[in-house]
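Descriptive structure summary
These are the residues of each chain, in order.
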Amino acid sequence: MMRAVSIAVLAAVLGASAAGCTVRPLYSDAALTPGGETTNAALSSVFIKPSKTRYGQEVRNQLIFLFNGGQAQTSTPTYELELGVVAQREISTISQTTSVSEPTAATVTVYSNYTLFDAATQKPIATGSRQIASQYDIPRQEFAAYRAQRDAENRAARELAQLLSLAVAQDLARHGGR
């Protein structure tokens, strides 16, 4: 009998503590705040400012696709996202088989810092940074080597956009989505 009472008390305590739980799926259909918007709606109300580099533009284009599900950016944004994107190339392997040492493999790391602003007040809501590395082989032909580096930058930009999308979604969820 004592054990049955203990189990009932434990179940009541666990139920009461779970009632105050605020954990929910990030991309759920539930509003971020009562009467507010969902995470997906908040993401689609973000305007991403243009970038000055080719790989920065790759990150921006992918973010626009991820935030809006293939649609264009909103003309009346609630939030603005400013990206700073840079890439760094590092030789990984040097071949010793020829008379001239030539690089045969490299890594491109694409870094991004971001600031999320409230579009109405221009006050920063969140800041952060992310990075991703992409390895590639360097063939002997000059154009093929250039293309391999560019493909690695594009791969890194796509993966970086996915990391940034998750980070911004978390920031919007923390902020409450207005």
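Residues numbered from 1 in each chain as written. Predicted model: local features only at pLDDT ≥ 70, side-chain atom pairs only at ≥ 80, totals over all residues. Heavy atoms only, no water.

1. A few points about the nonpolar core
Membership of the largest hydrophobic core comes to 34 residues, with the highest contact counts inside it found for Val-59, Leu-63, Leu-81 and Leu-83. Non-local contacts of Leu-81, meaning those with residues more than four positions away in its chain, are made with Val-46, Phe-47, Ile-48, Lys-49, Leu-63, Phe-67, Tyr-114, Thr-115, Leu-116 and Val-168. (Core = buried A, V, L, I, M, F, W, Y, C linked by side-chain atoms within 4.5 Å. Buried < 20%, exposed > 50% of the residue type's maximum accessible area, 1.4 Å probe, protein only. Contact = heavy atoms within 4.5 Å.)

2. So, the environment of Leu-81
Inspection of the secondary structure assignment puts Leu-81 in strand β2 (residues 79-95). Note on Leu-81: relative accessible area 0%, which makes it buried. Distance from Leu-81 to Arg-60, taken between C-alpha atoms, is 9.7 Å for residues 21 residues apart in sequence. (Helix = DSSP H or I, 4+ residues; strand = E, 2+ residues; numbered from the N terminus.)

3. Some words on the packing of helix α3 (residues 54-68) against helix α4 (residues 142-175)
It is the contact of α3 with α4, at a shortest axis distance of 8 Å, that shows an interaxial angle of 45°. Classified by the interaxial angle, the pair formed by α3 and α4 is oblique. The element α3 and its partner α4 pack so that their crossing is right-handed. Across the interface between the two elements, Arg-54, Tyr-55, Glu-58, Val-59, Gln-62, Leu-63, Leu-66 and Phe-67 of α3 pack against Arg-150, Glu-153, Asn-154, Ala-157, Arg-158, Leu-160, Ala-161, Gln-162, Leu-164, Ser-165 and Val-168 of α4. Of the residues belonging to the contact of α3 with α4, the class tally is ten nonpolar, four polar and five charged. (Axes fitted to C-alpha atoms, helices over the stretch in contact; angles between N-to-C directions. Parallel < 35°, antiparallel > 145°, perpendicular 65-115°, else oblique. Left-handed = near helix turned anticlockwise from the far one by under 90°. Nonpolar A, V, L, I, M, F, W, Y, C, P; charged D, E, K, R; others polar.)

4. Describing the side chain of Glu-80
Relative to the helices and strands, Glu-80 resides in strand β2. Judged by its relative accessible area of 15%, Glu-80 falls in the buried class. A polar contact is formed between the side chain of Glu-80 and the side chain of Gln-122, at a distance of 3.3 Å. Those residues in contact with Glu-80, other than ones at most four positions away along the chain, are Phe-47, Lys-49, Thr-115, Leu-116, Phe-117, Ala-119 and Gln-122. (Polar contact = N/O pair within 3.5 Å; in protein donor to acceptor, adjacent residues only side chain to side chain.)

5. Quick word on the pattern of salt bridges
Side chains bearing opposite charge may pair, as long as their charged atoms lie close to each other. Evaluation of the coordinates by the stated rule reveals six salt bridges. Of the charged contacts in the structure, one is a salt bridge between Glu-82 and Lys-49, with a shortest N-O distance of 3.4 Å. One end of the pair, Glu-82, is in strand β2; the other, Lys-49, is in the loop between β1 (46-48) and α3, and 33 residues separate them in sequence. Taking relative accessible area as the criterion, Glu-82 reaches 37% and is therefore assigned partly exposed. Given a relative accessible area of 22%, Lys-49 falls into the partly exposed group. Here Arg-147 makes a salt bridge to Asp-151, at a shortest N to O gap of 2.9 Å. Of this pair, Arg-147 and Asp-151 are both found in helix α4, four residues apart, which corresponds to roughly one turn of the helix. Residue Arg-147 is classed as partly exposed on the basis of its relative accessible area of 33%. (Salt bridge = Lys/Arg side-chain N within 4 Å of Asp/Glu carboxyl O.)

These figures come from the coordinates and say nothing about function on their own.
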